[in-house]
Amino acid sequence: KRPETYFVETDNDDQVYLYANMNSKANDNIAHYGGRIMFISHLLQQSDLYHVTKGSTKTVFMHTTPSLAQLLASDSWQGLVTHTAVAPLPFAPLPISDVASVKDTPGVHYGVSFPPKYDTMCFKKAMIPAFLKGRFFVSRDEFAAKQQAGDVDVTGSGTGTGETSVPASGVNTDIMPLEVSVDASMYRDRVAQIAFQEKNAAAYERKMVMIGRHRSRIFDPESHERVISLLSKVCKSHGWQFEEIFFEGK
């Protein structure tokens, strides 16, 4: 028997859905999830770089595992980061059971099942994100590079010009270090406004933070001391602060 497909469509011809497949246990990990949710944030904030009109993506589907759905419904790192990453789209921590019931409802919807009797979904217009591996933000150099991706219609004909420029960030770049990503600065402002009710984010600090580990992939004591000593000296020579933090088990 061939699988049946649910075709997600809407009366709004300008609607471009965003669908993220996070149906893997690896996405319970903050590093994996962070790279995925921050790329979703990037697409929502900078969709014009990919020839998608800003504001046309009002509905986001995240196909999650049951364990990730539980994390998103709680006061977890994943839930808090998602809330700030997708703003101003609403994010209500209520998992969905049927895509059809929310396909015309603006916001970020997550869940573990497709509509009844269907095995997969098909979209007329959608962004299907990958993820940022080993990082959370797209660099300023990547913003400045020419983008080759164009809009693709249902016949497969490319319509994009491939000519784009660095996006207007809404961030005061005069006070932003050149090496800081535009996405990062925009995200810092959203965190300040949403999580701390502050108009502007805190001042930038030149600081390296090393995330220590207790359980796996750890240094032996002698190697750990050497690494800490080396990083501390390098940071000090450049006028940076250095700190090691531990969060496993918290």
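Procedures and definitions
- Residues numbered from 1 in each chain as written.
- Predicted model: local features only at pLDDT ≥ 70, side-chain atom pairs only at ≥ 80, totals over all residues.
- Heavy atoms only, no water.
- Pairing = 2+ DSSP bridges.
- Helix = DSSP H or I, 4+ residues; strand = E, 2+ residues; numbered from the N terminus.
- Contact = heavy atoms within 4.5 Å.
- Axes fitted to C-alpha atoms, helices over the stretch in contact; angles between N-to-C directions.
- pLDDT = per-residue confidence, 0-100.
- 1 Å grid on protein atoms, 1.4 Å probe; cavity = no way out; pocket = protein on both sides within 12 Å on 5 of 7 lines; lining within 4 Å.
- Points joined across faces, edges and corners; volume = space filled by probe spheres on them.
- Nonpolar A, V, L, I, M, F, W, Y, C, P; charged D, E, K, R; others polar.
- Right-handed = clockwise from strand over helix to strand, strands pointing away.
- Expected span 1.5 Å × (residues − 1).
- Buried < 20%, exposed > 50% of the residue type's maximum accessible area, 1.4 Å probe, protein only.
- Polar contact = N/O pair within 3.5 Å; in protein donor to acceptor, adjacent residues only side chain to side chain.
- Salt bridge = Lys/Arg side-chain N within 4 Å of Asp/Glu carboxyl O.
- Parallel < 35°, antiparallel > 145°, perpendicular 65-115°, else oblique.

Chemist: Which parts of the structure should I look at to understand the sheet that holds strand 6 (residues 126–127)?
Modeler: Two orientations exist for strands paired in a sheet by backbone hydrogen bonds: parallel and antiparallel. Taken in spatial order, the 4 strands line up as 4-3-2-6 in an open sheet, and their pairing is parallel. The strands lining the two open edges of the sheet, one partner per strand, are strand 4 (107–111) and strand 6. Where helix 1 (residues 30–45) meets the sheet, it contacts strand 2 (17–22), strand 3 (59–64) and strand 6, and its direction lies at approximately 175° from that of strand 2.

Chemist: It is not clear to me how the environment of Val227 should be interpreted in this structure. Could you clarify?
Modeler: Mapped onto the secondary structure, Val227 falls in helix 6 (residues 221–237). The contacts of Val227, once residues within four sequence positions are left out, are Met210 and Phe219.

Chemist: I'm lost on the confidence of the model for the chain in this one. Help?
Modeler: Atom-level detail of predicted coordinates should not be read off regions where pLDDT is low. Put simply, the chain has an average pLDDT of 77, and 73% of its residues get 70 or more. By mean pLDDT, strand 1 (residues 5–8) is the weakest element of the chain at 62, and helix 6 is the strongest at 94. Predicted confidence is poor over residues 146–175, with pLDDT under 50, and the contacts of this stretch with residues over four places away or in other chains come to 43 contacts.

Chemist: Can you help me understand empty space enclosed by the protein in this one?
Modeler: With a probe scaled to a water molecule rolled over the atoms, the places where space remains empty come into view. A complete count under the given rule lists 2 cavities of 30 Å³ or more for this structure. In this structure, the second largest cavity spans a volume of roughly 50 Å³. What lines the second largest cavity is simply Met38, Ser41, His42, Gln45, Phe136, Phe137, Asp183, Met186, Tyr187 and Arg190. Residue composition of the lining of the second largest cavity, grouped by class: 5 nonpolar, 3 polar and 2 charged.

Chemist: Explain the pairing of strand 8 (residues 241–245) to me, please; I cannot follow it from the model alone.
Modeler: Side-chain direction in a regular strand flips from residue to residue, so the side chains alternate between the two faces of the sheet. Taken together, the 5 bridges between strand 7 (residues 207–211) and strand 8 define a ladder with parallel strand orientation. Paired with Ile211 across the two strands is Ile245, which belongs to strand 8. Remark: the strand 7/helix 6/strand 8 crossover connection has right-handed handedness.

Chemist: For this particular structure, what's the right way to read helix 1?
Modeler: Given 3.6 residues per helical turn, the α-helix brings residues three or four places apart onto the same face. Given a rise of 1.5 Å per residue, 16 residues ought to cover 22 Å, and the 21 Å separating the end C-alpha atoms of helix 1 matches this to within 8%. Among the residues making up helix 1, those that are buried are Tyr33, Gly34, Gly35, Ile37, Met38, Phe39, Ile40, Ser41, His42, Leu43, Leu44 and Gln45. Regarding helix 1, its N-cap is Asn29, as a side-chain oxygen of that residue lies 2.7 Å from the backbone nitrogen of Ala31 further along.

Chemist: What am I meant to see in the pattern of salt bridges here?
Modeler: Pairing of side chains with opposite charge becomes possible as their charged atoms draw close. All chains considered together, the criterion is met by 3 salt bridges. Residue Lys207 pairs with Glu243 through a salt bridge whose shortest N-O separation is 2.7 Å. Remark: Glu243 occurs in strand 8 and Lys207 occurs in strand 7; sequence separation between them is 36 residues. Its relative accessible area of 30% is what places Lys207 among the partly exposed residues. Given a relative accessible area of 33%, Glu243 falls into the partly exposed group. Of the charged contacts in the structure, one is a salt bridge between Glu222 and Arg226, with a shortest N-O distance of 2.9 Å. Of this pair, Glu222 and Arg226 both sit in helix 6, 4 residues apart, roughly one helical turn.

Chemist: So what exactly am I meant to see when it comes to the packing of helix 1 against helix 5 (residues 182–195) here?
Modeler: The relative placement of two packed helices is expressed as an angle between their axes plus a distance between the axes. Two elements in contact, helix 1 and helix 5, have axes separated by 11 Å at closest approach and are oriented at 95°. Taken together, the axes of helix 1 and helix 5 lie roughly perpendicular to each other. Residues Met38, Ser41, His42 and Gln45 of helix 1 touch helix 5, and the partners they reach there are Asp183, Met186, Tyr187 and Arg190. Each residue belonging to the contact of helix 1 with helix 5 can be placed in one class, and the counts come to 3 nonpolar, 3 polar and 2 charged.

Chemist: What is the right way to read unusual backbone geometry from this model?
Modeler: For residues that are not glycine, phi is negative in most cases, and the peptide bond is trans in most cases. That bond from Ala87 to Pro88 is cis: its omega, 10°, falls within 30 degrees of zero. Of note in this structure, His51 is not a glycine but carries a positive phi near 60°. Within the element layout of this structure, His51 appears in the loop between helix 1 and strand 3. Among the residues examined, His51 registers a relative accessible area of 17% and is labelled buried.

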